[in-house]
Amino acid sequence: MLACVTACEGDDPFDGPLEVMGPVATESTLVYTDLGRDQLVFVRPGDERLGVTRVSVDDDERTRVMWTQPTRDGKSVLVLTAPTSDKHEDVEKQLHRFAATGDQPPVVYPVHAPFDAIAQSPDHKRAVLYFSGQGSSAPLQNANQVAIVDLTSKEARNLTLAGFGGRLSSVHFPGQAAAGESTSIEVGGRARELVAFLAQGEVVLVDMADPASNQVAVTFGGAGFEPVATMLRPGNELFAQPALFLRSNTGHDVAMLTLVGHGSGQGFTTQISLIPVGGSAGDFVVHDGPEVPYLVTASAAKVVFTDVRTHQSFEVGLSESVSRVYLRDHDRSGTLVRQAVAWTPGGRRLHTLDLDGIEHTLGRKAHELQIQTGIDALVRLDNDRVLVGSGSNLYVVDLRADQVTPLTARVPYDATSSALDGNLLLLGTQGQSWLSRVDLTSLNPESMVLDDSIRSFHYLPAERKIVVTHEDPVGHVTVVRANDPSRSTSYSVWGILLEGMLDR
Amino acid sequence: MLASYLSSLLCLGPAADLEPDEPVAAPAEAEAATEPSGEPSWSPPREEPSAPSTPSSSDDVAQPFEPTPAHEEARPAAPAAPAAAVVGQTRVRPDRPIRYRIDLQIDGGTHNIGHRSFEAYSLGRNLPGLSAGVRVDFRLAESRVFLGAGLAYRRYASSRSIYELTIDQELLVQEPLVFLRASFAAFEGLDVYLEPGGGPTIVDVETFSSRSAGQRVVTGVFNGLAGVALYLPKAWLPNKGASRVTGGVDLGLGYGWRAPIAVAPTPSTDDEPLRTSSVRFGDLALRGFIWRAGLFLRFM
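Counting restarts for each chain: residues are numbered from 1 in the order of the written sequence. As a convention, the first chain written is A and the first ligand written is 1, with the rest following in written order. With pLDDT at 70 or above as the cut-off, local features in this predicted model cover only qualifying residues; side-chain atom pairs require 80 or more to be listed or tallied, and sums for whole chains, interfaces and linings still use all residues. Side-chain descriptors were evaluated using all non-hydrogen atoms of the structure, hydrogens and water having been removed beforehand.

Draft legend 1. Region of interest: the pattern of salt bridges. Residues and elements named next belong to chain A. One speaks of a salt bridge when a side-chain nitrogen belonging to Lys or Arg is within 4 Å of a carboxyl oxygen belonging to Asp or Glu. Across all of its chains, the model carries 49 salt bridges over all chains by this definition. Between Asp210 and Arg192 there is a salt bridge; the shortest N-O distance is 3.9 Å. Of the two residues, Asp210 sits in the loop between strand 17 (202-207) and strand 18 (216-219) while Arg192 sits in strand 15 (residues 190-192), which places them 18 residues apart along the sequence. Pair check on accessibility: Asp210 and Arg192 agree, each one buried. Under the scheme used here, helices are H or I runs from DSSP no shorter than 4 residues and strands are E runs no shorter than 2 residues, and both carry numbers assigned from the N terminus. Note on classification: 1.4 Å probe, protein chains only; a residue is buried when its accessible area is under 20% of the maximum for its type, exposed when over 50%, partly exposed between these limits.

Draft legend 2. Highlighting the confidence of the model for chain B. All names here are of chain B. Here chain B averages 77 in pLDDT, and 69% of its residues register 70 or above. This stretch, residues 1-82, has a pLDDT under 50; its non-local contacts, to residues over four places away or in other chains, come to 89 contacts. Model confidence for the complex: the whole-complex pTM is 0.80, and ipTM, which rates the interface, is 0.77. The predictor attaches a confidence to each residue, called pLDDT, with possible values from 0 through 100. Contacts were defined at the residue level, with two residues in contact if any of their heavy atoms lie within 4.5 Å.

Draft legend 3. Layout of the sheet that holds strand 26 (residues 313-317) of chain A. Residues and elements named next belong to chain A. Only strands joined by at least two bridges in the DSSP assignment are considered to pair. Strand order in the open sheet formed by 4 strands is 23-24-25-26, with antiparallel pairing between adjacent strands. In this open sheet, the two strands that pair with only one neighbour each are strand 23 (283-288) and strand 26. Direction aside, the axes of adjacent strands within the sheet are offset by 25 degrees on average. Axes, fitted as lines to C-alpha atoms, cover a helix only where it is in contact. Angles between the N-to-C directions of the axes lie from 0 to 180 degrees.

Draft legend 4. Just the interface of chain B and chain A, in detail. Listed by partner, the interface residues are 38 residues for chain B and 41 residues for chain A. The contact between chain B and chain A buries some 3,400 Å² in all, and 56% of this surface belongs to carbon and sulfur atoms. Note on definitions: buried area is the accessible-area loss of two parts on being combined, 1.4 Å probe, summed for both. For chain B, the biggest contributors to the area lost against chain A are B:Tyr163, B:Leu274 and B:Arg275; these three give 26% of the whole. Where chain B packs against chain A, one counts 4 salt bridges. The shortest N-O distance in the salt bridge between A:Asp452 and B:Arg211 comes to 2.7 Å. Counting of polar contacts relies on pairs of N or O atoms within 3.5 Å, with two restrictions inside protein: one atom must be capable of donating a hydrogen and the other of accepting it, and residues adjacent in sequence are counted only when both atoms are side-chain atoms. Inspection of the region where chain B meets chain A yields 18 residue pairs in polar contact (both at pLDDT 80 or more). When residues of the side of chain B that touches chain A are traced back to their parent elements, those giving at least two are strand 5 (145-162), strand 6 (167-187), strand 12 (275-278) and strand 13 (282-284) of chain B. Top contributing element to the side of chain B that touches chain A by residue count: strand 12 of chain B, with 4 residues. Judged from the 4 bridges that link them, strand 42 (residues 491-494) of chain A and strand 12 of chain B form a sheet pairing that is parallel.

Draft legend 5. Local environment of the pairing of strand 3 (residues 100-113) of chain B. All names here are of chain B. Sheet analysis places strand 3 next to strand 4 (residues 126-139), joined by 13 bridges and oriented antiparallel. In the strand pairing of strand 4, Leu104 is matched with Val134. Where strand 3 meets strand 14 (residues 288-299), 12 bridges bridge the pair, whose relative direction is antiparallel. Along strand 14, the bridge assignment pairs Gly109 with Arg292.

See the structure below:
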């Protein structure tokens, strides 16, 4: 009887699995999601110790966390909640925006569906929630239902895309190339912040800044054109109207949608044309010469320059096929010139092509940088340096100095699992039990041995810390100073997910 | 007679009695009671004339029988205690008053922990344990009250796998205790007692996942117990009032309190590790009702 008196107090807090998602990294914290308790666990690394804070996502026990994502600027973390059961009809689907430190109440946005995908604008202002098409928990689902959330306020806009029946496949922000920079395109005399929704054989354009604006939908159904990438060129003196370019993996054309104001003065519309580029374009960029606006495409073993006004083009041949291209500013003897860098996964060269006066220099050839063991992955560190992963080799390529430095390792590195802190390149690959750093000024590599193998690698720029997680259900991390990675200044913490478990 | 004397040596010590006012039979009176013939406790053998021996054909000369001289005088009357009387063929020891008691006890029981933090180490709220100890108490004047103290060693252990067998947890509590005891002998065979006590408590907690982590904390414990001790009365023992040893069962119920323990186990590491620590799991509060049942052997 006495045992029952003291024991009959409710559910066992230690029953059930320890369901945890993540972690995801913000600029200052690592964030785990405790699905069993609907809590976020914020882990903040200090110089000497770790701070662990638990925050409830929602006070309503009838809700559950669907997913967690950090914002692009790392200052917040987004959490989508939905009802635990379809019987809870009065429970709303909501998006919660927590500060990266978890020390403030969240901003809550009402969204009308349990979206399973999110796209965030590079200017850090907005997020678009949509359905990825990979299955849904809802009995009946509107595949083209989306929510546009303003991350700078408390506004959220729920709408259905006015397309032609094609199922939404991806979301792009074509006018925003530079991260963190607010970008708007003037269309018909009005500034617009466009988002492009790509569906099967069609595209729908929405002005995120103007809820009253119309949606512009374009279909390519009859042309066999399936858009997979977008790029927006703002209007200027060379070509007045802004233009949206769409690339397809099939066909030899790039679609060009010239954006113009609507005749009634409200909204906008498009004029459609297809530009032949001489092959299936693997990638494209826009480049303004002194007199000609160019569409630059990488296809097969050439880089094609197409005048967006006349659709006339010329090409520069390469020694191997390329499928990626990007532009950088190249310092040539104190003068900055625009340069195209082209490459392809599996290729053995980086091709660089100076674009100054390209139209007047017949026979100009691209300069090549050899990657002996082939390119598996390429990461742009900054304007002048790229990191190439190639099996058990890493290549640090200095485009300004025209220098390739191979770094040989015992096991393959993941070039995408890296971070740049000043001139220090930091690497931590899953499965390895060491962190490596390369001083990019001296190209001197060093490695620091960890006590356990890496599960995931995270760089927290606000704290200038690297946090490495290890495989352990209770949470185990190692904190390393990014500017001075050494065993004497690093520390390890175990049992993070059990913090405060006896007090619950 | 010799046989009866030897058998009396096998009987236990002097008699004891819960009623010290009852007169103890004086050995002389006992002797008188046990020897209705009025003969002293020991007397030389009776002299009996023997028949004259038949002269042998040898040259031996018939020797007249001479009575065996008494080689011992009759013993004087023994002092009142602790001499035993002989009744018939059995030696009987006089009753002894109980002035002190020494108990050796082992018991088992459980500690019902009321705090929910304990659920991390047990599926239920009960922490089972064993205990062994010794206690001594003395009669207070001529009353039925006995006051004393004792020492005991108590051990509790519990374990549990939490979060669907992801994490294993173990708890071990060891306590060397000192306690006081106040008993009231309601009647022979039943004591009612109060037993406050305390001492250090050594708590070991361990957590196992991909690696192990352990922590030892020494804090304090305070117990308050009340209960009954049932034991064999002298009337049921072979030596009756002279019995010096008995046994019984001890049933106790009470409450135990320990200071909360801040659990932050230290993970195991290899040689020359990074500076490694764990987080604070929270406070483990081990307090609640105790019950026990034990057996004891009493020397009085």
